[in-house]
Each structure stands twice: as structure tokens, then as C-alpha cells.
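Coordinate analysis (summary)
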Amino acid sequence: MGCWFSKKSKRKSPEKEPTTTVEENTTSNNIALSSNATEDPPKQYSWDKREKVDPKDFMLTGLKDATVGRLPGKLNGQQFVIQDCDNCKIFVLDHSATITIDDCTNCCIVMGPVKGSVFFRDCKDIKCVVACQQFRTRDCQKMEVFLCCATQPIIEASTGMKFGCFQYYYPELAFHFKDAGLSIFNNNWSNVHDFTPVSGETNWSLLPEDTVVLDHVPAPDPESEFKSVRISAEASRSIVPMTKGGRRKESDESCLFVFFSGDYTTANARKLIDEASGKGFVLIQTKEVSMRPEDVSRVFQNNAEGLLEWITNGPVTALELNGDGVVEACKSMASDMFSGTKVFVSDNRNTSSRDVDNFFNFADMQMGL
């Protein structure tokens, strides 16, 4: 590697400094001032042009008997804080980075997709609809949570906690899920971990399957600013598929149905769910995960060879459907409805349970569950 060196200059013998008159100084200063006056204005950087953020726009605090929140497009991925609210209906209908809820009582809260964590602390008598990457509570009492959570929900020093599957819709919700980086198929709502269990006591339970969301978390008041947002909590319209979760299965027969990545994977999965539900089958769980060649061999075993090339386009979406005769029904639906689509379906009921266990055990390990 070469190095550059500057040439050392020869020291000159000292000379007498010339004297300068007052007139010359004045002229020199005038020239300098004139030069400064013609200089370009200071350069503006992107952060100088950024819109100023008012923290008050990203918090709700000290409210009572109010219907409040944020309309779509008002948060755009920012953090949000809710604290010291009593008997309020709160609608945060936008995606956000994180949301913390502190010291709230007797409130109904709806939150659009949250990229990071939702953390309830010191709250009581709360009913909420939540979609997030992480869900936590600490020192809370009597909460009903309709949840979509990508990881395992955690409660700590909390009692009277009840959980149900996320069921909600508003027109921008699908885009908000995408903006928050959440998959509608990765929902661990019923897989709750109690960080502080008490021997002989149950701190959490699952809500009845026939629970109606709007009976617990009402729609906005007709006179509120949210009246123009078309909201629905019907399971058939919910962005997140309604799953049975950890409840007991009604049949010993389950089927694994896997869609490989393509242009219409989400639409096809929804179409299958609707068709299967119409036939009386029950959706137990769903997952969306990426797979490597070695994962395909481990999960699909004897069927792996024909599937290797299909995993290169992106993550796979898997569904467990349950009910007597579900395997033959799924094979028929795959043939009739998805003949030109890349899918895997359990071949027979004798091996279908193994297919389900292999895939969802792998998916849970991938997601750290």
C-alpha cells in the first residue's frame, strides 16, 4: 500500500510585517461583508424538512366517559400511549410501532396492527381487540381480549384474564397488517403463558366459542368521529381467520392443507376456509412460515422430493382442518378448486395426524414458540 506525503517547505527568514492603514482595513472588511452576502444559503437536510411531531398526537391520557382514538392514517407506524383513562371507548384504527396502556379502568379498546409489543399495566375491567407481534400484561385484573398475536401471549401477576380469537374488520385493516409486518395466519391467541402461576388457581381461560365481539367491545357511537369507518366484527368478514385454537377438537380426524407461495395464496386459503366451513369442518390453526430444503425433507418425508422446487418463491401457508371425513373432503376440494395451484394435502386419515404434528411442530420451532 502506498502512502502520500506532503513536501516539506523551506523556512524563510523572517521579514518585517507590512503596516496596514485604517482605510485599508475598512475596505477589506467591506469586501468580506459583500462576499458573505452573496454566499449560498445553508444546505437543508432531509431531517430539517421532516414534519414536526407533537407528542400529544400520540397519546391519550386522563380521559373519562369519552369516545376517542385515531382514524386510519393518523399514526402511520408511530408509538402510542394510553394512560389514566376511565370508562372510555378507544379506537386506534391505524398501524403503530408499540402501544402501552397504563392505569386504565372499565374501558373498551380496539387497536389496529402493532408491529412490536402491546403492554397493559395496572389495568382493570378492560375489553379489547388487539393485533400485535407481542402481547403482555402485568398487574391487571378482569380483561377480555380478542387477540391476534404472532408470538406467545404472556400474562404476569394478572387475574381474571379471558382470551378469544381476533374477529374484526375495517376497510384499511388488511393494509395495516402488511404495514406492521404481521401475517393474518400467524395467530397464537390461545397459547397463553402465565409468568406467575398460583398453585390451585387459574388466572386465564378461553372465552366461549359463540362469543359475539360487539357484545363485549361495542362499535363506535353514531355521533363520534369514527362513525364513517365501516366496522364489522362478524367472523366471516374478519381479516384474521377464526380458529379453534387450544379448545378440544370435536373429531379425531384432522387434515393438513398447505399452499405454496403464489400470487393468490391468501385468497386461495380464504376460499378453502369458507368452503370447508360450509361443509361443517372446523379450522383449528394456521401458520405462515419459510422453509429450507432440509425442512421440507423433515416435515413432508416421503412426499418431499416433489415439493422442493415449490418453496423457493416464499413462505408456505398451512391450515389444519378437523372433522370426520375431512381428509377425503380436502382432497376433493384440492382437485376441484385448486387443480392449477401448488398445494399439499394429507393423503389418508392414517397418516394425516402425523402430517399435522410434523408441520406445526416445525412451525412453532421456527417461530420460537
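Quick notes on the rules
Each chain has its residues counted from 1, running along the sequence as written. Reporting in this predicted model follows two pLDDT cut-offs: at least 70 for local features of residues, and 80 or more for side-chain atom pairs to be given and counted; totals over whole chains, interfaces and linings ignore these cut-offs and use all residues. The side-chain numbers reported here are obtained from all heavy atoms of the structure, hydrogens and water having been left aside. Elements are defined by DSSP. Helices are runs of H or I of four residues or more, strands are runs of E of two residues or more, and each kind is numbered from the N terminus. Working definition: with a 1.4 Å probe on protein chains only, accessible area under 20% of the residue-type maximum means buried, over 50% means exposed, and in between means partly exposed. The contact criterion used throughout is that any non-hydrogen atoms of two residues lie within 4.5 Å. All accessible-area figures derive from a Shrake-Rupley calculation using a 1.4 Å probe, and residue coverage is judged against the displayed protein chains alone. Of the two site types, the cavity is a set of points on a 1 Å grid over the protein atoms alone where a 1.4 Å probe fits but cannot get out, and the pocket is an open set with protein on both sides within 12 Å along at least five of seven lines, each lined by residues with an atom within 4 Å of a point. Grid points are joined across faces, edges and corners, and a volume is the space filled by probe spheres set on the points. Throughout this entry, Asp, Glu, Lys and Arg are counted as charged residues, while Ala, Val, Leu, Ile, Met, Phe, Trp, Tyr, Cys and Pro are counted as nonpolar. The remaining residues, Gly among them, count as polar. Pairing of aromatic side chains requires ring centres within 6.5 Å, counting the rings of Phe and Tyr and the six-membered ring of Trp. Pairs whose planes differ by under 30 degrees are stacked, by over 60 edge-to-face, and all others tilted. Remark: a charge is flagged as sitting over a ring if the NZ atom of Lys or the CZ atom of Arg is within 6 Å of the ring centre and within 35 degrees of the ring normal. Axis definition: a line fitted to C-alpha atoms, limited for helices to the stretch in contact. Angles are taken between N-to-C directions and run from 0 to 180 degrees. UniProt positions are given in the numbering used here, feature names are shortened, and annotations may be inferred rather than shown by experiment. Here the nonpolar core consists of buried residues drawn from Ala, Val, Leu, Ile, Met, Phe, Trp, Tyr and Cys, with membership extended through side-chain atoms lying within 4.5 Å.

1. A short note on the overall build of the chain
- Of regular secondary structure, the chain possesses eight helices and 17 strands.
- Burial statistics for the chain: of 369 residues in total, 42% are counted as buried.
- The long-range fraction of contacts in the chain, counting pairs at least 24 apart against all pairs at least 6 apart in sequence, stands at 53%.
- If you sum the accessible surface of the chain, you get close to 20,900 Å²; carbon and sulfur atoms cover 47% of it.

2. So, empty space enclosed by the protein
- Under the defined criterion, the tally for this structure stands at one cavity of 30 Å³ or more.
- Of the voids in this model, the largest cavity is the one considered here, and its volume is about 50 Å³.
- In this structure, the largest cavity is lined by Phe146, Gly164, Cys165, Gln167, Leu207, Pro208, Glu209, Thr211, Met242 and Arg247.
- For the lining of the largest cavity, the per-class residue count stands at five nonpolar, three polar and two charged.

3. Digging into the packing of aromatic side chains
- Under the definition given, this model contains 14 aromatic pairs.
- On the basis of an interplanar angle of 75° and a centroid distance of 6.1 Å, the ring pair of phenylalanine 257 and phenylalanine 338 is categorised as edge-to-face. Of the two residues, phenylalanine 257 sits in strand E14 (residues 254–259) while phenylalanine 338 sits in the loop between helix H7 (326–337) and strand E17 (343–345), which places them 81 residues apart along the sequence. Each member of the pair, phenylalanine 257 as well as phenylalanine 338, is classed as buried.
- Geometrically, the ring pair formed by phenylalanine 260 and phenylalanine 300 is tilted, given 6.3 Å between the ring centres and 45° between the ring planes. Residue phenylalanine 260 is located in the loop between E14 and helix H5 (265–278), and its partner phenylalanine 300 is located in helix H6 (residues 293–300); the two are separated by 40 residues in the primary sequence.
- An aromatic cluster is built from Phe260, Phe300, Trp310, Phe344, Phe359, Phe360 and Phe362, whose rings are joined through pairwise contacts.
- Cation over ring: arginine 121 sits above phenylalanine 119, and NZ or CZ is 5.2 Å from the ring centre.

4. Overview of the side chain of asparagine 203
- As for its placement among the helices and strands, asparagine 203 is situated in the loop between strand E12 (193–194) and strand E13 (204–206).
- For asparagine 203, a relative accessible area of 5% gives the class buried.
- Among residues more than four places away in sequence, those in contact with asparagine 203 are Ile155, Ser158, Thr159, Gly160, Met161, Asp194, Thr196, Pro197 and Val198.

5. Some words on the packing of H6 against helix H8 (residues 349–366)
- Running from N to C, H6 and H8 cross one another at 145°; their axes reach a closest spacing of 8 Å. The residues of H8 that touch H6, namely those facing Asp295, Arg298, Val299 and Phe300, are Asn358, Phe359 and Phe362.
- Each residue belonging to the contact of H6 with H8 can be placed in one class, and the counts come to four nonpolar, one polar and two charged.

6. Regarding the UniProt feature "binding site: GTP" (unreviewed entry) in the chain
- Within the UniProt annotation, "binding site: GTP" (unreviewed entry) is assigned to Gly116, Ser117, Gln133, Gln134, Phe135 and Arg136. The named residues occupy 21 residues along the chain; their greatest pairwise C-alpha distance, 11.1 Å, places them in one compact cluster.
- Here glutamine 133 is in contact with Val114, Lys115, Gly116, Cys149, Ala150, Thr151 and Leu182, once residues within four sequence places are set aside.
- With respect to the secondary-structure elements, phenylalanine 135 resides in strand E8 (residues 124–138).

7. Quick notes on the nonpolar core
- Among the nonpolar cores identified, the biggest contains 46 residues, and Phe166, Phe177 and Phe257 are the most heavily contacted of them.
- Among the elements that line this core, the one with the most residues is H7, at six residues.
- Residues within four places of phenylalanine 177 in sequence aside, it is in contact with Pro113, Ala131, Cys148, Phe166, Leu182, Ile184, Ile239 and Val240.
- Cys88, Cys107, Met111 and Cys140 belong to the second-largest nonpolar core, a separate cluster that totals 36 residues.

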